[in-house]
Amino acid sequence: MTDEKLRQEIHDAVDRRLSGMREDPWLAARVIEASKGDKPVKKKISTSFALILTIILIVSMALAAGLGVFGRIADQYDPTTKDRLSGLESVSTQIGTTAATGDGITVQIEQCYYEGDRIFMSYRLSGNLYQAALHEGQAPEKSWDWEEKDMICAESLTSDHPQARETLAYLDGTAPRWAEENEAFLGDGLLLADGTYLDIIGGDTLWQEDGSVIGWKECMIPQDRQAETLEIKAVLYRINNVKAQDEAGFHSATTRGEQTDILFTVRRGSDPQPLSGTFANDIYQTAADFTIGQIDMKGTIRMHCPAEWVAAHDDWEYHSNDDLIETYALYCGDQLISDRGTESESYEKENNVVLFGQLYTCPESLEGLKLVPIYTKSGAHMEEAIPLQRPINQ
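Residues numbered from 1 in each chain as written. Predicted model: local features only at pLDDT ≥ 70, side-chain atom pairs only at ≥ 80, totals over all residues. Heavy atoms only, no water.

**Focus on helix 5 (residues 79–91)**
Formally: What counts as a helix is a DSSP run of H or I of at least four residues, what counts as a strand is a run of E of at least two, and both are numbered from the N terminus. Under the convention used throughout, the expected extent of a helix is 1.5 Å for every residue step, that is, one less than its residue count. Residue burial is assigned from relative accessible area. The probe radius is 1.4 Å, only protein chains are included, and a residue is buried under 20% of its type maximum, exposed over 50%, and partly exposed in between. Contact definition: two residues touch when any of their heavy atoms are within 4.5 Å. Definition of a polar contact: a pair of N or O atoms within 3.5 Å, with one able to donate and the other able to accept a hydrogen when the atoms are protein atoms, and with sequence-neighbouring residues admitted only if both atoms are side-chain atoms.
Its 13 residues place the ends of helix 5 18 Å apart at the C-alpha level, agreeing with the 18 Å of an ideal helix rising 1.5 Å per residue. For helix 5, every residue scored as buried is listed here: T80, T81, R84, L85, G87, L88 and E89. Residues of helix 5 that are buried sit in contact with helix 4 (69–73), strand 2 (105–115), strand 3 (118–127), strand 10 (213–220), strand 15 (296–304) and strand 19 (353–361). Backbone nitrogen of T80 and a side-chain oxygen of the N-cap are separated by 3.1 Å at the start of helix 5; the cap is D78.

**Observations regarding the sheet that holds strand 3**
Which entries qualify depends on this criterion: We call two strands paired when DSSP finds no fewer than two bridges between them. With axes taken as lines fitted to C-alpha atoms, and helix axes fitted only over the stretch in contact, angles between N-to-C directions fall between 0 and 180 degrees.
Across the sheet, which stays open at both edges, the five strands sit in the order 1-2-3-10-9 with antiparallel pairing between neighbours. Where the open sheet ends on each side, the last strands, each with one partner, are strand 1 (93–100) and strand 9 (200–207). For this sheet, the mean angle separating the axes of adjacent strands, direction not counted, is 15°. Taken together, the ten bridges between strand 2 and strand 3 define a ladder with antiparallel strand orientation.

**Some remarks on the environment of A179**
For A179, the position within the fold is in strand 6 (residues 177–186). Measuring from C-alpha to C-alpha, the distance between A179 and A139 comes to 8.3 Å, with 40 residues separating the pair along the chain. What A179 contacts, discounting residues up to four positions off in sequence, is A133, L134, T167, L171, N241, V242 and K243.

**Things to note about the pattern of salt bridges**
For clarity, the cut-off: Salt bridge, as applied in this entry: a Lys or Arg side-chain nitrogen positioned within 4 Å of an Asp or Glu carboxyl oxygen.
Throughout the structure, instances matching the rule amount to 21 salt bridges. The closest approach of N and O atoms between R118 and E218, which form a salt bridge, is 2.8 Å. Of the two residues, R118 sits in strand 3 while E218 sits in strand 10, which places them 100 residues apart along the sequence. Taking the shortest distance from any N to any O, the salt bridge between R177 and D172 comes out at 3.5 Å. On the basis of relative accessible area, R177 is assigned to the buried category, the value being 16%.

**Let's talk about the packing of aromatic side chains**
What counts is decided by this rule: Aromatic pairs are defined between Phe, Tyr and Trp rings, using the six-membered ring for Trp, whenever the two ring centres lie within 6.5 Å; interplanar angles under 30 degrees are classed as stacked, those over 60 as edge-to-face, and all others as tilted. Put simply, a charge is over a ring when the Lys NZ or the Arg CZ is close to the ring centre, within 6 Å, and near the line of the ring normal, within 35 degrees.
For the structure on display, the rule yields eight aromatic pairs. Ring plane angle 40° and centroid distance 5.8 Å describe the contact between Y284 and W309, whose orientation is recorded as tilted. Here W309 lies in helix 8 (residues 307–314) and Y284 lies in the loop between strand 13 (273–280) and strand 14 (285–292), a separation of 25 residues in the sequence. The pair Y284 / W309 is uniform in exposure class, with both members buried. Of the aromatic side chains, those joined through ring pairs into one cluster are F279, Y284, W309 and Y375. Here R177 stacks its cationic end above the ring of Y170, 4.5 Å away from the centre of that ring.

**A short note on the confidence of the model for the chain**
Defined as follows: Across the chain, each position has a pLDDT score giving the predictor's confidence in that residue, from 0 to 100.
Confidence in the prediction for the chain averages 85 pLDDT; 82% of positions are at 70 or higher. Here helix 2 (residues 25–36) stands out as the least confident element of the chain, with mean pLDDT 39; strand 22 (residues 386–387) is the most confident, with 98. Note on residues 1–45: pLDDT under 50 across the span, and 22 contacts to partners over four residues away in sequence or across chains.

Right, dumping it as structure tokens:
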């Protein structure tokens, strides 16, 4: 059901519900008196009150229908991502760019927000996004891109798309079979109009029951390409896949088809505020650099530490008897804000450095913020916290 159709049905439902109503000047007075507690309220639900509940329900449906993708999917994620998506629902711009292709696909760029070095976008795809033809017997001769001996497709591969999962399950190794798929999807990252690639660092794709797709992307903008206004390009790709399963194993060949560029314009939002801090003792030294904006608090902690710590972080099978820093938690004073913030780790082994990529929900206040190291054995060390402060001139 389209948003417009849903709005019309809600409108019609309200009209039908209200068509027989008569004005009751005493109803408001009774509700006000009941709220004051001056008179006892009967437990029996009157027809008028039932009607009010119905109207509230209808209005709630209308509000839900008015949410963009960010707002509609926020509840499906962990608390940090939920807060970020809810924030994006509040501050993002309604783009409303729609492109309909000749092969029956509609792309809608719904919302966008640009802050600092990142751009967030939500979208919806509908139409001929996936088709599959299933065949018995040996596949035709192909120049295969991927071949795996002794691999069963149905046991090794999966997909978020319900119909694609059925295709993979068909190739179960019980007999020679092959499948031909045609797929359409948005490329992972975005592009500037001049072709500069904006690398994706977050996002998701969610298939809907009607066969459409909704999704969101978080992409990085190179420092030398940041400007007040940017022309952004999303690319709709088509590919043809031939997948085959036989006694020799699994085979796959992919051919790229046409592509469609969808252009839209974004304007920079408010500037994120910088936060930084340092800590050092006889064992290690750290420096933290963060920015905090409308959506989140994001940054890096650079830790120069013993080589054994770097090895332990870089090798899952490495075992150390040392009690070493595993991650960082965000505090405001003595109040824990979040103990889950590490997005990524990278290493400079030649310098004995671990780099923590951290992401937190926006705190209510910037005063008293600090990053507390969490050790593998002894837990939080409050005395080694990195105090975060704004630059003196801000």
